[in-house]
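The lines below spell out each chain.
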Amino acid sequence: NNNNNKFTQGFSCCFASNCVHGCVCVLKMSDIETGDEAEVFGDSSTLSTPLLDEGAFGPQQDVAFVHVVSSVEEAIRQGILPQMIVQGSSGSYFCLNINEDTVGVFKPKNEEPYGRLNPKWGKWFQRNFCCLCFGRDCLPINQGYMSEAGASIVDQMFGLGIVPKTRVVRLVSPSFHYSRFDKARARAVEAATHKLPKVGRKFRQGLPPKMGSFQLFVRGYEDASVALRKLKFDELEDATKHKLKQQFQMLVVLDYLIRNTDRGLNNWLIKYTKASAETQEDIDLVAIDHGLAFPLKHPDNWRAYPYHWAWLHLAEFNFSEETVEKILPILSDAEAIETLCDKLFILFSQDTGFKRSIYDKQMSVLRGQVVNLKKALEERMTPAELVTLPTLTVNLRSRRKRRAMMTSMSSPAYTQSFTKKKPWFKRW
């Protein structure tokens, strides 16, 4: 970075793992012109919260995304606090800017469904009194926020365009759920600083930052369970039908690759615009809630965690040529798949509970999904037929440098194994 002083004058360092200095450079929002974005996200301010880089091999971060997070921090400093989302089993929050507009959704790691600071009493009761049926044995514990960011990486890698941009950040707010110890410590340090400033400055001030996923907020959408009841597919215009089918197939590709175990009709969204004198009929689809994806094995115990979109009418259409031409070349490129695995490794390894053995199992499931999806696209199957293919995992025979491998998925460098054990309940 020192080789280009003119370029680096506008950068400040934040924590990450892939920079030569152990950091990633982030543009200071006061040093750039944000244009119309300032009107949407509020006044600009210097980003003080580190952004974890989720796998981009370059030094730059998305300027607009950094500006959104910066506006949330400025709002918190002005007393406009994130608001807890009542729905769901985890502690998640709507984040506001200084104009009190919702601009993102933050999901802290330690407030996940099985986190120690989960504020929802239902999961607390289950963790303490129903431990035998606690959690999903096919998923790593308390890594949902990494899964959220990982789904965004897959979306960008394949150009799906259906996942709102998601990154891993650190935020601090009194509205988050903290332990009594953290609150008492913050009060004690504040009192000590007031009475003995020189002593108080030696301790961290305030509440500890929380690491979690931050996803950009989308407006004008409603749950698919609601929208699909209103829409009559046969009455839509041909262009709208085609766009809906195409975006639905992008959803299928995403869910199948990451083996999403929580895709119901209430965690993907649809925005439908009726035709009028001023606007044409249009439809858009967005996928959210990916905290229960990237399993370390295929579900084989009690529940199958099926893809609920497989029973929709949209799942009966064959994969279109447009989908095949867009997705199949990437699936057929072993180097591209290993590059995706590398990006996920950079992301997942930043978690404090990261284990290489767990990551290897997650990637084995992902590679197996790649094999099945590739077959389905080559044979022009339907999404409903795709989910009936035998589940398998693809393992690397050795841990040599994966990016140097140019072999195909069927080469001797890989071993395939089919999942023989089946869950008891296939539709639940």
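Conventions and cut-offs
Within each chain, residues carry numbers counting from 1 in the order of the written sequence. Under the rules for a predicted model, residues below a pLDDT of 70 receive no local features and side-chain atom pairs below 80 are neither given nor counted, while totals for whole chains, interfaces and linings still include all residues. Side-chain measures were taken over the full set of non-hydrogen atoms in the model, leaving aside hydrogen atoms and water. Only strands joined by at least two bridges in the DSSP assignment are considered to pair. A helix here means a DSSP run of H or I that spans at least four residues, while a strand means a run of E at least two residues long, and both kinds are numbered starting from the N terminus. The contact criterion used throughout is that any non-hydrogen atoms of two residues lie within 4.5 Å. Note on geometry: axes are C-alpha line fits, over the in-contact stretch for helices, and angles between N-to-C directions span 0 to 180 degrees. When a carboxyl oxygen of Asp or Glu is within 4 Å of a side-chain nitrogen of Lys or Arg, the pair counts as a salt bridge. Three exposure classes are used, based on accessible area relative to the maximum for each residue type with a 1.4 Å probe and protein chains only: buried under 20%, partly exposed in between, and exposed over 50%. The span you would expect from a helix comes to 1.5 Å times its residue count less one. Think of it as the arc spanned by the lines of direction from the helix axis to the C-beta atoms. In plain words, nonpolar cores are sets of buried Ala, Val, Leu, Ile, Met, Phe, Trp, Tyr and Cys residues tied together by side-chain atoms within 4.5 Å. Here a pair means two rings of Phe, Tyr or Trp (six-membered ring of Trp) with centres within 6.5 Å. Their orientation is stacked below 30 degrees between planes, edge-to-face above 60, and tilted elsewhere. Cation placement over rings: the criterion is NZ of Lys or CZ of Arg within 6 Å of the ring centroid and within 35° of the ring normal. Crossings are classed by handedness, with left-handed meaning an anticlockwise turn of the near helix from the far one by less than a right angle and right-handed meaning a clockwise turn.

K.L.:
Break down the sheet that holds strand S9 (residues 222-223) for me, citing the residues and quoting the values.
P.N.:
A sheet is described by the order of its strands in space; here three strands give the open sequence S9-S10-S11, paired in antiparallel fashion. With one partner strand each, in any of the chains shown, S9 and strand S11 (282-287) form the two edges of the open sheet. For strand S10 (residues 268-273) and S11, the ladder comprises six bridges, and the chain directions are antiparallel. Across the sheet, threonine 273 pairs through a bridge with aspartate 282, a residue of S11. Sheet contacts for helix H9 (residues 238-258): S10 and S11; angle to S11, the most-contacted strand, approximately 10 degrees.

K.L.:
Mind laying out the pattern of salt bridges, listing which residues take part and the relevant values?
P.N.:
Inspection of the entire model under this criterion finds 12 salt bridges. Notably, a salt bridge pairs arginine 77 with glutamate 74, separated by 3.0 Å at the nearest N-O pair. One end of the pair is arginine 77 and the other is glutamate 74, both in helix H3 (residues 63-77) and three residues apart, which spans about a single turn. Lysine 107 serves as the salt-bridge partner of aspartate 289, at 2.8 Å between the closest nitrogen and oxygen.

K.L.:
If you had to explain the pairing of strand S5 (residues 93-96) to someone new, which residues and values would you point to?
P.N.:
Inspection of the sheet shows strand S4 (residues 83-84) paired to S5 by two bridges, in the antiparallel sense. Each residue of the ladder has a partner; that of methionine 84, found in S5, is tyrosine 93. For S5 and strand S6 (residues 102-108), the ladder comprises four bridges, and the chain directions are antiparallel. Within the sheet, the bridge partner assigned to leucine 96 lies in S6 and is threonine 102. The turn linking S5 back onto S6 is made up of five residues, and glutamate 100 within it adopts a positive phi angle of 65 degrees.

K.L.:
Could you give an account of the pairing of strand S8 (residues 210-216), naming the residues involved and the relevant values?
P.N.:
With six of seven residues buried, S8 lies mostly within the body of the structure. As judged from the five bridges shared by S6 and S8, these two strands associate in the antiparallel manner. Across the sheet, the residue bridging to phenylalanine 106 is phenylalanine 214, located in S8. Summarising the sheet, strand S7 (residues 166-171) and S8 pair through six bridges and their orientation is antiparallel.

K.L.:
Go over helix H5 (residues 144-158) with me, naming the residues and quoting the values.
P.N.:
Here H5 is 15 residues long and its end C-alpha atoms lie 21 Å apart, about the 21 Å a rise of 1.5 Å per residue gives. Within H5, 13 of the 15 residues are buried, which leaves the element mostly enclosed by the surrounding structure. Among the residues trailing H5, glycine 159 stands out with phi positive, at a value near 65 degrees.

K.L.:
Before we move on, could you go through helix H10 (residues 321-331) and cite the residues and values that matter?
P.N.:
Along H10, the positions that sit buried rather than exposed are Thr323, Val324, Ile327, Leu328, Ile330 and Leu331. Buried residues in H10, looked at end-on, bunch into an arc of 160 degrees, giving them a common side. Looking at the packing, one finds that the buried side of H10 touches H5, H9, helix H11 (334-348) and helix H12 (356-378).

K.L.:
Can you explain the nonpolar core? Please cite residues and give values.
P.N.:
Counting 63 residues, the largest nonpolar core has Phe158, Ile162 and Phe248 as its most contacted members. Of all the elements in the fold, those that place two or more residues in this core are H5, helix H8 (224-230), H9, S10, S11, H10, H11 and H12. When residues in this core are grouped by element, the largest group, 10 residues, is from H9. Beyond its immediate sequence surroundings of up to four residues, phenylalanine 158 is in contact with Leu257, Lys326, Ile327, Ile330, Leu331, Ile337 and Leu340.

K.L.:
Describe the packing of aromatic side chains, and please don't skip the residues or the numbers.
P.N.:
Summed over all chains, the structure comprises 13 aromatic pairs. Among the aromatic residues, ring-to-ring pairing joins Phe248, Tyr256, Trp268, Tyr307 and Trp309 into one connected group. The ring centre of tyrosine 178 lies 4.7 Å from the NZ or CZ of lysine 210, which sits over that ring. One cation-aromatic arrangement involves lysine 245 over phenylalanine 317; the distance from NZ or CZ to the ring centre is 4.5 Å.

K.L.:
A description of the packing of H10 against H12 should follow, citing residues and the corresponding values.
P.N.:
Packing of H10 against H12 brings their axes to within 10 Å, and their N-to-C directions diverge by 145 degrees. For H10 against H12, the interelement crossing comes out left-handed. Residues Thr323, Val324, Ile327, Leu328 and Leu331 of H10 touch H12, and the partners they reach there are Val370, Leu373, Lys374, Leu377 and Glu378.

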